[in-house]
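What the coordinates show
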Amino acid sequence: LDSSQLYQLLPQMGISLSMYLVFSHLCSQAFRVLRHDPERLKILRQQTTPQDGLSRLDKSQLRKQVRKSIQNSPPPSISMDGVIQICWDVYNPNSNFAKTHPGLPDFYVAATYYNIPLVRFSDLRALLRGPCQEIPLKVATVSDSGTVVMFGVTDYGIPPLVNNEQAGDNEED
């Protein structure tokens, strides 16, 4: 498959060139990348919690649910209305990775265009506190030239430059 054939296939698959560039960027660094499905996290949590009472049949059913979730996940896209969404579940390179039993993602990736300032911090915070829960979020920005830049996002706040003890000492002087 050469580049021109790939570019012709992308629209048929419902994936933009920008989304492919983000996917390619992650894969080139040996990450394992799956399309995001919000319902998959519930299944993965069931698989990862120690449950001695699960039969082989139950474990097999969970694996089938994960496989179905991966197959039926919608193609990722960059929203043009300013609402950022999770596009990819990303796993660090690991010899224990299996598509039907991947474990919890190491981080999620949301994507946006570099030159369109549509993403609000409140939307990122809503993602972190809602769908992401305790899974880290990275935002991939794609420039017009195809450069992909990744940013880690947290809602820990900005640490103070002066701690309270130092501020109290300065007031006494």
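Use the structure listed above.
Rules used in this analysis
Residues numbered from 1 in each chain as written. Predicted model: local features only at pLDDT ≥ 70, side-chain atom pairs only at ≥ 80, totals over all residues. Heavy atoms only, no water. Helix = DSSP H or I, 4+ residues; strand = E, 2+ residues; numbered from the N terminus. Buried < 20%, exposed > 50% of the residue type's maximum accessible area, 1.4 Å probe, protein only. Contact = heavy atoms within 4.5 Å. Areas by Shrake-Rupley, 256 points an atom, 1.4 Å probe, with all protein chains shown as cover. 1 Å grid on protein atoms, 1.4 Å probe; cavity = no way out; pocket = protein on both sides within 12 Å on 5 of 7 lines; lining within 4 Å. Points joined across faces, edges and corners; volume = space filled by probe spheres on them. Core = buried A, V, L, I, M, F, W, Y, C linked by side-chain atoms within 4.5 Å. Phe/Tyr/Trp six-rings, centres within 6.5 Å; stacked < 30°, edge-to-face > 60°. Lys NZ or Arg CZ within 6 Å of the ring centre and 35° of its normal. Patch = residues over 30% accessible without salt bridge, like charges linked within 9 Å, V, L, I, M, F, W, Y side chains within 5 Å. Salt bridge = Lys/Arg side-chain N within 4 Å of Asp/Glu carboxyl O. Pairing = 2+ DSSP bridges. Axes fitted to C-alpha atoms, helices over the stretch in contact; angles between N-to-C directions.

Focus on the overall build of the chain
- Counting secondary structure elements, the chain contains six helices and five strands.
- Burial analysis of the chain (173 residues in total) assigns 33% to the buried set.
- Counted over contacts in the chain with a minimum sequence separation of 6, partners at least 24 positions apart contribute 70%.
- Surface accessibility of the chain: about 11,100 Å² in total, with carbon and sulfur atoms responsible for 52%.

Concerning the layout of surface pockets
- Space inside the largest pocket adds up to approximately 280 Å³.
- Around the largest pocket, the lining is made up of 15 residues, and of these I15, F23, V33, R35 and W88 lie nearest the centre.
- Counting only elements with at least two residues in the lining of the largest pocket, the list comes to α1 (3-13), α2 (17-28) and β1 (32-35).
- The element best represented in the lining of the largest pocket is β1, accounting for four residues.

Some remarks on the nonpolar core
- Counting residues in each nonpolar core, the largest one holds 18 residues, and the members touching the most others are M19, V22, L26, W88, V90 and V109.
- Secondary-structure elements contributing two or more residues to this core are α1, α2, β2 (86-91), β3 (107-113) and β4 (137-142).
- Setting aside chain neighbours within four positions, we find V22 in contact with W88, V109, A111, A140, V142 and V148.
- The next biggest cluster of nonpolar side chains, apart from the first, holds 13 residues, and it includes I86, A110, I135 and V153.

A look at the packing of aromatic side chains
- The tally for this structure, following the rule as stated, stands at four aromatic pairs.
- Between F23 and W88 the ring centres are 5.3 Å apart and the planes differ by 35 degrees, which places this aromatic pair in the tilted class. Of this pair, F23 sits in helix α2 while W88 sits in strand β2; the two residues are 65 residues apart in sequence, bridging distant segments of the chain.
- When its relative accessible area of 29% is taken as the criterion, F23 is described as partly exposed.
- Taking relative accessible area as the criterion, W88 reaches 3% and is therefore assigned buried.
- Aromatic rings pair up to connect Y20, F23 and W88 into one cluster.
- The ring centre of F107 lies 5.1 Å from the NZ or CZ of K138, which sits over that ring.

Structural notes on a nonpolar patch on the surface
- There is a patch of nonpolar side chains on the surface, built from L1, L9 and M13 and spanning about 320 Å² of accessible area.
- With respect to the element layout, L9 can be found in helix α1.

Here we look at the pattern of salt bridges
- By the definition in use, this model includes three salt bridges.
- Two residues, R45 and E134, come together in a salt bridge whose shortest N-O distance is 3.0 Å. Here the residue R45 occupies a position in helix α3 (residues 40-48), and E134 occupies one in the loop between α5 (121-129) and β4, the gap between them amounting to 89 residues.
- A relative accessible area of 25% means that R45 is categorised as partly exposed.
- Taking relative accessible area as the criterion, E134 reaches 52% and is therefore assigned exposed.

Considering the sheet that holds β3
- Sheet architecture is open: five strands sit in the order β1-β2-β3-β4-β5, paired in mixed fashion. Two strands bound the open sheet, and with one partner strand each, they are β1 and β5 (148-153). Strand after strand, the sheet turns through a mean of 30 degrees between neighbouring axes, direction not considered.
- With six bridges connecting them, β3 and β4 associate as parallel partners. Each residue of the ladder has a partner; that of Y108, found in β4, is L137.

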